[in-house]
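# Structure at a glance
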Amino acid sequence: MIETYNNQRKHIVLLISLAVGMFGFAYALVPLYQVFCEVTGLNGKTSGRARDVSTIYQNQVIASDREVTIQFLANVNNGMPWEFRPATHQLRVRLGELNTTDFYARNRAAQAVTGQAVPSVSPGFAAEYLHKVECFCFSQQQLEAGEDRHMPLRFYIGDDLPEEIHTLTLSYTLFKVPTVRASTLVSNRS
Amino acid sequence: MVAQAEDVIPQRSPLMAFMARWLLTTNHKEIGTLYLWLSFTLFFIGGAMAMVIRLELFQPGIQFAEPLFYNQMVTMHGLIMVFGVVMPGFVGLANWQIPLMIGAPDMAMPRLNNFSFWILPFAFTLLLSSLFMEGGAPNFGWTFYAPLSTTYGPPSTDFFIIGVHMMGISSVLGAINVIVTIFNLRTPGMTLMKMPLFVWTWLITAFLLIMVMPVLAGVVTMMLTDRHFDTSFFSAAGGGDPLMFQHVFWFFGHPEVYILILPGFGIASQIIPTFARKRLFGYHSMVFASAAIAFLSFIVWGHHMFTAGMPVWVELSFMYATMLIAVPTGVKVFNWVATMWRGSMTFETPMLFALGFVILFTIGGFSGLMLALVPADFQYHDTFFVVAHFHYVLYPGAIFGTMAAVYYWIPKWTGNMYDERLGKIHFWTAVIAVNLTFFPMHFTGLAGMPRRIVDYSLQFADFNMVSSVGAALLGMTQVLFLYIVIKTIRGGAKASTRVWEGADGLEWTVPSPAPHHTFETPPAFPPIMDENESTSLNE
């Protein structure tokens, strides 16, 4: 009987740890999911980090001759009182070449509003070839009431972009960051 | 002695004695009964919600339910049926039968068993109370996709979250109890590969529960913190991703659907050999098939989200893995049929329900195979075809399985035979009503009728009317079932120890009704079955 009892305790402890471990696993799925999407470029997620410009010109001799079209889209999410649009809707760019464009945003509300732009690239697997040097999406943007701003975006497209891609679409959705959270929220995603 | 005992125990009023008996019981049979009654009660509540849904869909247009209320009915019907009916029903059967089938005196942790049960009435009171709250009950579907349930969920969503937490705790504790019981309390001689199949499938189910209910708890906790504590797991504004909700949810959700069916497989594997008077064909392959299904259930969740946006290679992987499940399932169906092959079959009610289970579940399995095909799924997704599919696997699968088990074991529980004539009427009306209700949904779904919408286009009117008539019949049939159960508890022909002529197993060696305490000393295994004393209803 004693042996059975000890066995039982062992089983109970093991099973409870399994249950607790699976609860932890649910949370572990969150970073796993982010990493998986970033590595594979699924979901059209672009890297949230800025590329160091100096390495581009050192490593890349010259931009290739291949040109692709990149289209820009801007959306605002529900309840975001901003006007938000790209300065140009479409650019013809050479691979490896550094490009600059900007997005225009104007706060139409009567009070200051903080926004966060979330990018998405289509086709999704092209996301990993789109390198941003500078982007308003790297951090939250705050606009006073009625204030407007041209927000810069500097990027280049890797010359290893697969042959079959001729057009990329980079879309930004602008979300309103609730004011109570604006100061505490650390945004590490582009 | 009796007089002395009465002196020692203070006299309680009958009500207090009744309350104390059921609130404080640690007996696996009584707790099993409690689980089964809870499941039965919620079956009628969830069924009433289904009636509201079918009443509204009887004709196109909006007649009885406002869209918001309709959505609440759809959501609550799903939640109640999955978490309140099928799962507690199977746990009740496990409580009653597992100790009896493995020769154990009780569950390994009787007090924990009591706790697991008594969480549930509170959880469902919490969940059902949301119907009476301002803003209404949860209305986002039982899958509670973000952001519908986070940003746009009604205030009562928090009650739903806590309710799900409580159900999860109950299920995990119950599952731990089942596993520890099976591993430690089997009678000497009963090795794992000699266990009855119901015990085997429940062992596998319990492992699935322990592995996925905490993931569900995790996902609702993320919802809770997203709603109130400024996290952004599922909110793109803060760097989260609403699509991730679907991944985490279905990582729980797909094993969950096997939790809802594996014990049913076990029940069919007990009943069919009894009434075919043959040993189960392919016992080992049955065990391995169950384990294979459980393993595969963890790598197929993506088939619920083919249209949510996925690269082709991911869709293909999920598609092939899903279709692979048809292999172990096919092994099972083959074994059941092979068990019946050249058996001396009789068709008492439990056998009828088991046969209905095998045939209709297989139809549901085939429509599942159709849904697994990525290109086809793009058409079927979110249509009534999906509704037809999962009702075919759940109603004739899980519910018929539970009913078959009740008819099969109720003589052992109550000591009385049920009314065979009424049982047969119950089966035949149920089987007709199930098909009348759910079969037309295949057609409306293929024709493009979307699910979860209060109204529909005129061309679907006739089939929906047929479905609604079938649903009304199906609802009434279950009232007959309630009557049969009560009638059996109150009396009937006395059941013998073995009850069924072809029955085999330890539970058929204890008297009927099973005494309060059984197997206080481990019984001999394999059991010596009583050859002479059996009630055969067809004689």
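Every value quoted in this text rests on a predicted model; they were computed, and no experiment measured them.

### With respect to the overall build of chain B
Within chain B, the regular secondary structure consists of 17 helices and 0 strands. Taking 539 residues into account, the globule formula puts the C-alpha radius of gyration at 24 Å, and chain B, at 23 Å, falls close to it. Principal-axis analysis of the C-alpha atoms gives chain B an extent of 70 × 60 × 45 Å. Within chain B, the proportion of its 539 residues that are buried is 54%. Within chain B, contacts between residues at least 6 apart in sequence are counted, and of these 83% link residues at least 24 apart.

### Comments concerning the pairing of strand 5 (residues 113–122) of chain A
Residue and element names in this part refer to chain A. Of all 10 residues making up strand 5, 7 are buried, and the element is well covered by its neighbours. One ladder, built from 3 bridges, connects strand 5 with strand 7 (residues 141–143); its direction is antiparallel. The residue of strand 7 that forms the bridge with Gly-115 is Gln-141. Examined bridge by bridge, strand 5 and strand 9 (residues 167–177) share 9 bridges and lie antiparallel to one another. Bridging across to strand 9, Gly-115 finds its partner in Lys-176.

### A few points about the nonpolar core
In this structure, Val-199, Ile-210, Val-219, Ala-354, Phe-357 and Ala-404 of chain B are the most contacted members of the largest nonpolar core, which totals 176 residues. In this view, Val-199 of chain B contacts Ile-98, Met-101, Ile-102 and Ile-182 of chain B; residues no more than four positions away in its chain are not counted. Judged by nonpolar contacts, the second largest core, of 32 residues, contains Phe-103, Leu-143, Tyr-156 and Ile-157 of chain A.

### Side note on helix 17 (residues 461–490) of chain B
All names here are of chain B. The end-to-end C-alpha separation of helix 17 is 44 Å, in line with the 44 Å expected for 30 residues at 1.5 Å each. For helix 17, the set of buried residues is Phe-463, Asn-464, Ser-467, Ser-468, Gly-470, Ala-471, Leu-474, Phe-481, Ile-484 and Thr-488. Contacts from the buried residues of helix 17 go to helix 3 (28–56), helix 15 (384–414) and helix 16 (420–446). Within two residues after helix 17, Gly-492 carries a phi angle of roughly 140°, on the positive side.

### Focus: the interface of chain A and chain B
A common measure of how large an interface is: the accessible area buried when the components associate. On the side of chain B, 26 residues touch chain A, which itself brings 32 residues to the contact. Counting residues per element, the side of chain A that touches chain B draws most heavily on helix 1 (residues 2–40) of chain A, at 17 residues.

### Remarks on the packing of helix 15 of chain B against helix 16 of chain B
Residues and elements named next belong to chain B. Axis separation between helix 15 and helix 16 bottoms out at 7 Å; the angle between their running directions is 165°. Between helix 15 and helix 16, the angle is such that the two are roughly antiparallel. For the crossing formed where helix 15 meets helix 16, the hand is left-handed. Contacts from Phe-384, Phe-385, Val-386, Val-387, Ala-388, His-391, Tyr-392, Tyr-395, Pro-396 and Tyr-407 of helix 15 reach helix 16 at Gly-423, Val-434, Phe-438, Met-441, His-442, Thr-444, Gly-445 and Leu-446.

Cut-offs and rules
- Residues numbered from 1 in each chain as written.
- Chains lettered and ligands numbered in written order.
- Predicted model: local features only at pLDDT ≥ 70, side-chain atom pairs only at ≥ 80, totals over all residues.
- Helix = DSSP H or I, 4+ residues; strand = E, 2+ residues; numbered from the N terminus.
- Rg over C-alpha atoms; globule rule 2.2 N^0.38 Å.
- Buried ≥ 20, exposed ≤ 12 C-beta atoms within 10 Å, placed from the backbone.
- Contact = placed C-beta atoms within 7 Å.
- Pairing = 2+ DSSP bridges.
- Core = buried A, V, L, I, M, F, W, Y, C linked by C-beta atoms within 7 Å.
- Expected span 1.5 Å × (residues − 1).
- Axes fitted to C-alpha atoms, helices over the stretch in contact; angles between N-to-C directions.
- Parallel < 35°, antiparallel > 145°, perpendicular 65-115°, else oblique.
- Left-handed = near helix turned anticlockwise from the far one by under 90°.

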